[in-house]
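Spelled out from the first residue to the last, the chains are:
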Amino acid sequence: MNPVRPPEWGYSVAALVGAVVLWAGFVSLFDVPAYLLPHPLEVGRRLLGNPGLYADAALATTVKVIVGGATGTLAGFLLGVAVGEVPPLWRAVSPYLIAARVLPVVAIAPLLLIYFGTGFATGVGFVALMVLFPMAVSTAAGFRQTPQAALDLAASVDAPRHRVLLAIRLPYAAPDVIGGLRQSATLAVVGAVLAEWFVADSGLGYLILVAAENVRPDVLLAALSVVFLVGFSLYGAVGLLGARFRRAGG
Amino acid sequence: MPRRQAEAPAIDVRDLTVRFDDVCALDSVSLSVDPGEFVTVVGPSGCGKTTLLRSVGGLQSPTAGEVRVGGDDPESAQDAGDLGFVFQSHTLFPWKTALENVTFLRTLAGREPERDRARERLVAAGLGDVVDASPRELSGGMCQRVAIVRAMHLGASTLLMDEPFGELDELTRYDMAASVLDSWRDSDRTVLFVTHSVPEAVLLGDRVIVMADSPGRIVDSVSVSLARPRAEATMDSTAFTEQVAGIRQILRRHRTTLADR
Ligand SMILES: Nc1ncnc2c1ncn2[C@@H]1O[C@H](COP(=O)(O)OP(=O)(O)O)[C@@H](O)[C@H]1O
Ligand SMILES: [Mg+2]
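About the cut-offs
- Residues numbered from 1 in each chain as written.
- Chains lettered and ligands numbered in written order.
- Predicted model: local features only at pLDDT ≥ 70, side-chain atom pairs only at ≥ 80, totals over all residues.
- Heavy atoms only, no water.
- UniProt positions renumbered as here; feature names shortened; annotations may be inferred.
- Helix = DSSP H or I, 4+ residues; strand = E, 2+ residues; numbered from the N terminus.
- Contact = heavy atoms within 4.5 Å.
- Buried area = accessible area lost by both parts, 1.4 Å probe.
- Salt bridge = Lys/Arg side-chain N within 4 Å of Asp/Glu carboxyl O.
- Polar contact = N/O pair within 3.5 Å; in protein donor to acceptor, adjacent residues only side chain to side chain.
- Buried < 20%, exposed > 50% of the residue type's maximum accessible area, 1.4 Å probe, protein only.
- Pairing = 2+ DSSP bridges.
- Right-handed = clockwise from strand over helix to strand, strands pointing away.
- Axes fitted to C-alpha atoms, helices over the stretch in contact; angles between N-to-C directions.
- Phe/Tyr/Trp six-rings, centres within 6.5 Å; stacked < 30°, edge-to-face > 60°.
- Core = buried A, V, L, I, M, F, W, Y, C linked by side-chain atoms within 4.5 Å.
- Near = heavy atom within 4 Å.
- Areas by Shrake-Rupley, 256 points an atom, 1.4 Å probe, with all protein chains shown as cover.
- Nonpolar A, V, L, I, M, F, W, Y, C, P; charged D, E, K, R; others polar.
- pLDDT = per-residue confidence, 0-100.

### Considering the UniProt feature "transmembrane region" (unreviewed entry) in chain A
All names here are of chain A.
Argument step 1. UniProt's entry tags residues 12-37, 57-84, 96-117, 123-143, 187-209 and 221-243 with the feature "transmembrane region" (unreviewed entry), counted in the numbering of this structure.
Argument step 2. As annotated, residues 57-84 has a helix share of 100% and a strand share of 0%, and its two end C-alpha atoms lie 39 Å apart.
Argument step 3. For residues 96-117, the helix share is 68%, the strand share is 0%, and the end-to-end C-alpha distance is 28 Å.

Laid out in structure tokens, this is it:
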């Protein structure tokens, strides 16, 4: 039950600026050739020189992240509620859920290619698979930790099960559910980029792949910084959602 | 307030036995409580006080024997919103204000929340300043006060209290005891009140049920002969001291020492 805190903007922005300055200093000082590590200004010039390329790629990736992430977290949430609510189900499947969380989903990717081909569906499916199990495990853990006394109180007035679920168990589970969402936000971006490597049709992952094949570290780093931006924004958005929920609900 | 037939006991426990694996938490316990009676239960920890209360409230099913609340089984009493529990820890929901906590139990029970009445009750209990406060901002004693108001607001005719002041300091305890007595006097509620403090049991109860452990059982039932209304000053009287001493003797007589085990 980690408290959801807004990011400390000042420190993190300073750290980012510091890292970029170090990078620039390192490249200038040791005269690192651009085909190994380009200067940050060079990367910036790449980004600004062809913003359409990166914007299109970011859009393609973000759509996969949002569609796949929403599907996967929703499915994971529902699975987690079911497993957290029904103790025999928890006993039966929790070992596999937890094992599935450490399973490299990449290993399943070829299967997705067989099922869905090299299109949008495979990318989305892969993102959904990435977030499904962590979300299910977090949610189930949250739903299982309702204090017994709270359940006793509800039982003492014979409260209907759906009301207990929505009005007591869900709020107690909320910090874990939000934790699962935060985890999913970053995993979904990683998943989308990975999917674009093996589906290889569009997006930032595809751009990174092409840049690497053509030995263009400047383009690669430009694309990577956009990945970072997308992931960071998403994580921040989920964090704000969490903080908002906390204020409203507790 | 639902009025039941005068002849039916408010709580009727017959030959109640509750076993957990190899532990006999209650061994053939029988107890009858009249409507409007305030009965306190004392005994060493582990003697089955909580188990008894949970059985009366339908939260623990008996291994053998029978429990009736207002002539019905505990499940019907739950269903009718006729059981008001106060647990040792206050069980307020941290995301709700004091007032919302008080009304929420009624909502859970499928009743009208009656916010205005709830507010009045909080004010009457000296909690007027914290009506809209979060439990996180309140002391343990205040939270427990809110929990008691919540049980009252449910409108249950039977209150089951399990060491509700157990986590509070000495001074707060007697303050709380006084306020429980106040709200009980103005109602016709039946109270079954568990405590491990003999003075508290005597101060509050019409009758003190004395329990012993291994196995959990009732060893005596002592009528308290102190006039009401009682207050903290009651505890200074010789009559009070004598009753407390008498109950302590009973407890001592039935104490299982380590050597007996
Ligand atoms: N759910 C349970 N499972 C197993 N043993 C229990 C359970 N609840 C109570 N007990 C045991 O039953 C006995 C009575 O417990 P309890 O009713 O809590 O006593 P008290 O409230 O008087 O301290 C104790 O030995 C306790 O360990
Ligand atoms: Mg107890």
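Having seen the model, we can carry on.
### A few points about the interface of chain B and chain A
Argument step 1. Listed as interface residues are 21 residues of chain B and, on the opposing side, 18 residues of chain A.
Argument step 2. For chain B, the biggest contributors to the area lost against chain A are Gln78, Trp95 and Leu108 of chain B; these three give 36% of the whole.
Argument step 3. Taken together, the connections running from chain B to chain A amount to one salt bridge.
Argument step 4. Inspection of the region where chain B meets chain A yields three residue pairs in polar contact (both at pLDDT 80 or more).

### Looking at the side chain of Thr234 of chain B
All names here are of chain B.
Argument step 1. Position of Thr234 relative to the elements: it lies in the loop between strand 9 (217-223) and helix 8 (238-253).
Argument step 2. Thr234 sits in the buried class, given a relative accessible area of 16%.
Argument step 3. Within polar-contact distance, the side chain of Thr234 engages the backbone nitrogen of Ala231 at 2.8 Å.
Argument step 4. Beyond its immediate sequence surroundings of up to four residues, Thr234 is in contact with Leu203, Leu226 and Phe240.

### Some remarks on the pairing of strand 7 (residues 190-194) of chain B
Residue and element names in this part refer to chain B.
Argument step 1. In terms of burial, strand 7 is a largely internal element, five of the five residues being buried.
Argument step 2. Here strand 7 shows a buried face lined by Thr190, Leu192 and Val194 and a second buried face lined by Val191 and Phe193.
Argument step 3. Both strand 3 (residues 38-42) and strand 7 contribute to a ladder of four bridges, which runs parallel. For Thr40, the partnering residue across the bridge sits in strand 7 and is Phe193.
Argument step 4. Taken together, the five bridges between strand 6 (residues 158-162) and strand 7 define a ladder with parallel strand orientation. Considered in strand 7, the bridge of Thr158 is made with Thr190.
Argument step 5. For the crossover from strand 6 across helix 6 (residues 170-185) to strand 7, the handedness is right-handed.

### A closer look at the sheet that holds strand 9 of chain B
Residue and element names in this part refer to chain B.
Argument step 1. Read from one edge of the open sheet, six strands run 5-6-7-3-8-9, paired in mixed fashion. Pairing within the sheet leaves two strands with one partner each, and these edge strands are strand 5 (83-86) and strand 9. With direction set aside, neighbouring strand axes in the sheet form an average angle of 15 degrees.
Argument step 2. Here four bridges tie strand 3 to strand 8 (residues 207-212), and the two strands are oriented parallel to one another. Paired with Thr40 across the bridge in strand 8 is Val208.
Argument step 3. Relative to strand 9, helix 8 is tilted by about 165 degrees, and along the sheet it contacts strand 3, strand 8 and strand 9.

### Digging into the UniProt feature "domain: ABC transmembrane type-1" (unreviewed entry) in chain A
Argument step 1. In the numbering used here, UniProt assigns the "domain: ABC transmembrane type-1" (unreviewed entry) feature to residues 58-239 of chain A.
Argument step 2. Taken end to end, residues 58-239 of chain A is 87% helix and 0% strand, and its two terminal C-alpha atoms sit 21 Å from one another.

### Looking at the packing of aromatic side chains
Argument step 1. By the definition in use, this model includes 13 aromatic pairs over all chains.
Argument step 2. Taken together, a centroid distance of 5.1 Å and an interplanar angle of 85 degrees make the contact between Phe126 of chain A and Phe198 of chain A edge-to-face. Within this pair, whereas Phe126 of chain A is found in helix 6 (residues 120-144), its partner Phe198 of chain A is found in helix 8 (residues 161-199), the two being separated by 72 residues in sequence.
Argument step 3. Centre to centre, the rings of Phe85 of chain B and Phe87 of chain B are 5.0 Å apart; their planes meet at 5 degrees, and the pair counts as stacked.
Argument step 4. On the basis of relative accessibility, which here comes to 3%, the residue Phe85 of chain B falls in the buried class.

### What about the nonpolar core?
Argument step 1. In this structure, Ile168 of chain A together with Val56 and Leu192 of chain B are the most contacted members of the largest nonpolar core, which totals 44 residues.
Argument step 2. For Val56 of chain B, the contacting residues outside a window of four places in its chain are Ile11, Val13, Val67, Val69, Pro74, Leu83, Leu160 and Leu192 of chain B.
Argument step 3. Among the nonpolar cores identified, the runner-up in size contains 40 residues, and Val83, Ala195, Ala222 and Val226 of chain A belong to it.

### Observations regarding the site of ligand 1
Residues and elements named next belong to chain B.
Argument step 1. All residues in the neighbourhood of ligand 1 are listed as Phe20, Val23, Ala25, Pro44, Ser45, Gly46, Cys47, Gly48, Lys49, Thr50 and Thr51.
Argument step 2. Within the backbone of Lys49, an N or O atom sits 2.9 Å from an oxygen atom of ligand 1.
Argument step 3. Within the side chain of Thr51, one N or O atom sits 2.5 Å away from an oxygen atom of ligand 1.
Argument step 4. Relative to its unbound accessible surface of 550 Å², ligand 1 loses 59% to contact with the protein.
Argument step 5. Of all the secondary-structure elements, those providing two or more residues to the shell around ligand 1 are strand 2 (23-33) and helix 1 (49-56).
Argument step 6. Among the residues forming the shell around ligand 1, the class breakdown is five nonpolar, five polar and one charged.

### Notes on the confidence of the model for chain B
Argument step 1. Of all residues in chain B, 95% have pLDDT values of 70 or greater, and the mean over the chain is 92.
Argument step 2. Two numbers describe this predicted complex: its pTM, 0.85, and its ipTM, 0.90.

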